Amino acid sequence: MHTVFTSSSKMNDLIREDASLLLTITRFGLALGFGDKTVHEVCREKGVDVATFLAVVNYIYSDFKSNPAQNGTISISDLITYLKNAHSFFLDFKLPLIRKKLIEAIDDSMSEDPYKNMILKFFDEYEQEVRKHMDYENETVFPYVLQLCEGSKNPEYNIAIFEQNHENIESKLSDLRNILVKYFPSQQPNFLLNEVLFDLSDCELDLDRHTKVEDHLFVPMTERLEKKHTMVRQEIVAPEKNESLTDREIEILTCVVKGMTNKEIAQQLFVSTHTVISHRRNITRKLEIHSTAGLTIYAIVNKLISIDDIKAVIE
Ligand SMILES: [Fe+2]
Ligand SMILES: [Fe+2]
């Protein structure tokens, strides 16, 4: 059974237990030189959410056996920062470094040119695939989730679309390792090529962990956020089947035709502007009337308001 790290664990102990956790630590923006500081102290100094940090660290350290997605205190925006930093690490640091070492290693060998070109082409195509995958997450998925955190949801998208199409990106790296191990025609031991193989295997494991954090931590958290958003909307939005206006909607309709702004209505009824807007959307949907002039006619015809009440507005 793995130790579970807590906020009072020494940062140094995390790295001593599992050196690969250094990758996780760095992606939270925490730099070396921890002394005897605890997780809590280091995170607080750098403004990192401790619960999110511990959830990711313990999840990886337990070899993905713990279930951090149950932890309601995780900050999804901090988790997104972590994932984005991981993307930059792979695209701007790790893969270019492997490519550089790979060129050196295959140049150093006695192999024929066609092999070198084919191997490099394979690597470059792979790098492009990873870039496309991560760009999609950075530019589509993360902004969608951050917007959801702010309380507004893009109706065209949901996290299930991402979940269903989210592919493993590390398997091609094991193909490259196999090509090099089994078929690379070397005449003598090539230490540089060995280094590349170690790097490929590290990167493969790292990418696999990254994908697991996305699938089993980020996706369930986003699903919960989507569910919460739907519940809030259902509270505000009246049931679809009831097409007559509720008392609250009549009250808001009356205010609208009197010429009051959303802010004024919100203040008068002690609700948020967001709630007023939701009610107005409902009124429009139910009555199929979009303009204030149209709503005024509806209100007068249905005796919700008298002409005298709106004299100041129509004059
Ligand atoms: Fe990712
Ligand atoms: Fe991904």
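Cut-offs and rules
- Residues numbered from 1 in each chain as written.
- Chains lettered and ligands numbered in written order.
- Predicted model: local features only at pLDDT ≥ 70, side-chain atom pairs only at ≥ 80, totals over all residues.
- Heavy atoms only, no water.
- Donors = N, O, S within 2.8 Å, 3.2 Å for Na, K, Ca; no water.
- Tetrahedral: all angles 85-135°; square planar, octahedral: opposite > 155°, others 65-115°.
- Helix = DSSP H or I, 4+ residues; strand = E, 2+ residues; numbered from the N terminus.
- Buried < 20%, exposed > 50% of the residue type's maximum accessible area, 1.4 Å probe, protein only.
- Disulfide = S-S within 2.5 Å.
- Domains from an automatic or database assignment.
- Axes fitted to C-alpha atoms, helices over the stretch in contact; angles between N-to-C directions.
- Parallel < 35°, antiparallel > 145°, perpendicular 65-115°, else oblique.
- Left-handed = near helix turned anticlockwise from the far one by under 90°.
- Contact = heavy atoms within 4.5 Å.
- Nonpolar A, V, L, I, M, F, W, Y, C, P; charged D, E, K, R; others polar.
- Arc of directions from axis to C-beta.
- Salt bridge = Lys/Arg side-chain N within 4 Å of Asp/Glu carboxyl O.

Observations concerning the coordination of the iron ion (ligand 2)
Under perfect tetrahedral coordination by four donors, a metal shows angles of 109.5 degrees; under perfect octahedral coordination by six donors, it shows angles of 90 or 180 degrees. His133 (NE2), Glu137 (OE), His166 (NE2) and Glu214 (OE) make up the full set of protein donors to the iron ion (ligand 2), lying at 2.0 to 2.3 Å. Here the iron ion (ligand 2) binds four donor atoms, and the angle range of 83 to 173° at the metal identifies the geometry as irregular. If you look at the iron ion (ligand 2) and the iron ion (ligand 1), they sit 3.2 Å from each other and are both ligated by Glu137. Of this pair, His133 sits in helix 6 (residues 113–149) while Glu214 sits in helix 9 (residues 191–236), placing them 81 residues apart in sequence. Accessibility classification places His133 together with Glu214 in one group, the buried group.

Structural notes on the state of the cysteines
Counting across every chain of the model gives zero disulfides. For Cys43, which is in no disulfide, the shortest distance to another cysteine sulfur is to Cys149 and amounts to 19 Å.

As for the coordination of the iron ion (ligand 1)
At this site the iron ion (ligand 1) is bound by His87 (NE2), Glu137 (OE), His210 (NE2) and Glu214 (OE), with donor distances of 1.9 to 2.2 Å. Judged by its relative accessible area of 1%, His87 is buried.

Description of the domain arrangement of the protein
Once the domains are mapped, the protein shows domain 1 (11–66), domain 2 (76–236) and domain 3 (247–314). Computed from C-alpha coordinates alone, the two centres of domain 1 and domain 3 are separated by 54 Å.

With respect to the packing of helix 3 (residues 39–46) against helix 4 (residues 50–61)
It is the contact of helix 3 with helix 4, at a shortest axis distance of 10 Å, that shows an interaxial angle of 125°. Considered as vectors, helix 3 and helix 4 are oriented oblique to each other. Crossing angle aside, the handedness with which helix 3 passes helix 4 is right-handed. Each of Val39, His40 and Cys43 in helix 3 lies in contact with helix 4, whose residues at this interface are Val50, Phe53 and Leu54. Taken together, the residues that form the contact of helix 3 with helix 4 break down as five nonpolar, one polar and no charged.

Quick notes on the packing of helix 4 against helix 5 (residues 76–108)
It is at 9 Å that the axes of helix 4 and helix 5 come closest, and there the two elements cross at 55°. When the axes of helix 4 and helix 5 are compared, the pair comes out oblique. Residues Thr52, Val56 and Ile60 of helix 4 lie in contact with helix 5, whose contacting residues are Asp78, Leu79 and Tyr82. Partitioning the contact of helix 4 with helix 5 into residue classes produces four nonpolar, one polar and one charged.

A word on helix 3
For helix 3, the full list of buried residues reads Val39, Val42 and Cys43. Along the axis of helix 3, the buried residues cluster in a sector spanning 95°; they form a single face. Looking at helix 3, the residues exposed on the side facing more than 90 degrees away from the buried face are Arg44 and Glu45. On its buried side, helix 3 packs onto helix 1 (11–17) and helix 4. Gly47 occupies a position one or two residues after helix 3 and carries a positive phi of about 70°.

A closer look at the pattern of salt bridges
With the rule as written, the count across this model stands at 16 salt bridges. Note that Asp63 is salt-bridged to Lys65, the shortest N-O span being 3.7 Å. Note on Asp63: relative accessible area 47%, which makes it partly exposed. A relative accessible area of 67% means that Lys65 is categorised as exposed. Among the salt bridges present, the one from Glu125 reaches Lys121, with a minimum N-O distance of 3.3 Å. Of this pair, Glu125 and Lys121 both sit in helix 6, four residues apart, roughly one helical turn. We classify Lys121 as exposed; its relative accessible area is 52%. What emerges from the salt-bridge pattern is a single network uniting Lys94, Lys101 and Asp199.

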